[in-house]
Amino acid sequence: QVQLVESGGGLVQPGGSLRLSCVASGRTFSAYYMGWFRQAPGKEREFVAGIGSSGDSIGVYAPSVKGRFRISRDNAKIYLQMNSLKPEDTAVYYCNASPDWQILTTSNFRSWGQGTQVTVSS
C-alpha cells in the first residue's frame, strides 16, 4: 500500500518562502511520475507541479505558480520550493505518484496522504 507523508507547511507572510517535502513508500517509484497538488477551502483539489522519474527531469507547473514554485526529486522524495507566496496560495498541499502522466495532472487518485497546511497571511 502506498503511503505518502507531506511536511513543511506553515504560516508565512505574503512574499515569503516555504519548502515542502514528501516521502512516498510502499512500492518502487522509479518509474512513477510524482507531483504536488493543493486544495483551498471550498475549492476542488488542483494540480500544482509534476516531475518525471529521472533525476534531470524538468518540472511542469500550473500557470498560477509557474516562475514562483520549483519541484525537485530525489528517488521517492519530492520537494516543492515555494517563493513569492501569495494569499491565494493558501491551501492544504498534497503529493501523489502515478505511472501515468495524465492521471497525475488530472489529480485522479483514489487515495491521498494527510497533506500539509500552507497559510499565506500578514
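Now for a description of the structure that goes with this document. A quick note: this is a predicted structure, and the numbers were derived from the prediction, not measured.

Digging into the overall build of the chain
Here is step 1: A count of helices and strands for the chain gives one helix and 10 strands.
Here is step 2: In terms of overall dimensions, the chain is globule-like: its C-alpha atoms have a radius of gyration of 13 Å, near the 14 Å expected for 122 residues.
Here is step 3: Projected onto the principal axes, the alpha-carbon positions of the chain cover approximately 40 × 30 × 20 Å.
Here is step 4: When the 122 residues of the chain are sorted by exposure, 43% land in the buried category.
Here is step 5: The contacts of the chain with a sequence gap of at least 6 include a subset with a gap of at least 24, amounting to 59%.
Here is step 6: Working note: accessible area of the chain is about 6,700 Å², and carbon and sulfur atoms make up 45% of it.
Here is step 7: Put simply, the chain has 12 plus and 8 minus side-chain charges, and the middle of one group is 2 Å from the middle of the other.

Examining the layout of surface pockets
One water molecule sets the probe size; rolling that probe over the atoms shows where empty space is left.
Here is step 1: Reported here for the largest pocket is a volume of approximately 290 Å³.
Here is step 2: Taken together, 13 residues line the largest pocket, and the ones lying closest to its centre are R27, A97, F109, R110 and S111.
Here is step 3: Top element by residues in the lining of the largest pocket is strand β9 (residues 91-98). It accounts for three residues.
Here is step 4: Along the lines of polarity and charge, the residues of the lining of the largest pocket split into seven nonpolar, four polar and two charged.

Quick word on the sheet that holds strand β6 (residues 60-61)
Here is step 1: Taken together, the six strands give an open sheet; going across it, the order is β2-β10-β9-β4-β5-β6, and neighbouring strands pair in mixed fashion. Taken across any chain shown, the strands that pair with only one partner, and hence form the sheet edges, are β2 (10-12) and β6.
Here is step 2: Bridge analysis of strand β4 (residues 33-39) against β9 gives seven bridges, and the strand direction is antiparallel. Directly across from M34, in β9, lies its bridge partner A97.

Description of the nonpolar core
Here is step 1: Residues W36, V48, F69, L80, M82 and Y93 are the most contacted members of the largest nonpolar core, which totals 28 residues.
Here is step 2: Only β3 (18-25), β4, β5 (46-51), β7 (69-74), β8 (77-82), β9 and β10 (116-120) provide two or more residues apiece to this core.
Here is step 3: Discounting chain neighbours no more than four positions away, the residues touching V48 are W36, F37, R38, V60, Y61, A62, V65, F69, L80 and Y93.

What counts and how
- Residue positions are given per chain, counting from 1 as you read along its sequence in written order.
- This being a predicted model, a pLDDT of at least 70 is required before a residue's local features are given, and a value of 80 or more before pairs of side-chain atoms are given or counted; all residues contribute to the totals for chains, interfaces and linings.
- Only heavy atoms go into the side-chain values, all of them from the structure, while hydrogens and water stay out.
- What counts as a helix is a DSSP run of H or I of at least four residues, what counts as a strand is a run of E of at least two, and both are numbered from the N terminus.
- Only the C-alpha atoms count toward the radius of gyration. The rule for a globule is 2.2 Å times the residue count to the power 0.38.
- Burial classification: accessible surface area is computed with a 1.4 Å probe over protein chains only, and a residue below 20% of its type maximum counts as buried, one above 50% as exposed, and the rest as partly exposed.
- Working rule for contacts: check all heavy atoms of both residues, and any pair within 4.5 Å makes them a contact.
- Note on areas: these come from Shrake-Rupley sampling with a 1.4 Å probe, and a residue is covered only by the protein chains present in the view.
- Only four residue types enter the tally: Lys and Arg on the positive side, Asp and Glu on the negative side, with His and both chain ends excluded.
- All charge positions are set by atom: Lys at NZ, Arg at CZ, Asp at CG, Glu at CD.
- Here a cavity is any set of points on a 1 Å grid over the protein atoms alone where a 1.4 Å probe fits but cannot get out, and a pocket is any open set with protein on both sides within 12 Å along at least 5 of 7 lines; a residue lines the site when it has an atom within 4 Å of a point.
- Grid points are joined across faces, edges and corners, and a volume is the space filled by probe spheres set on the points.
- Just so you know the grouping, Ala, Val, Leu, Ile, Met, Phe, Trp, Tyr, Cys and Pro go in nonpolar, Asp, Glu, Lys and Arg go in charged, and all remaining residues, Gly too, go in polar.
- What makes two strands pair is DSSP finding at least two bridges between them.
- To form a nonpolar core, buried Ala, Val, Leu, Ile, Met, Phe, Trp, Tyr and Cys residues must be joined to one another through side-chain atoms within 4.5 Å.

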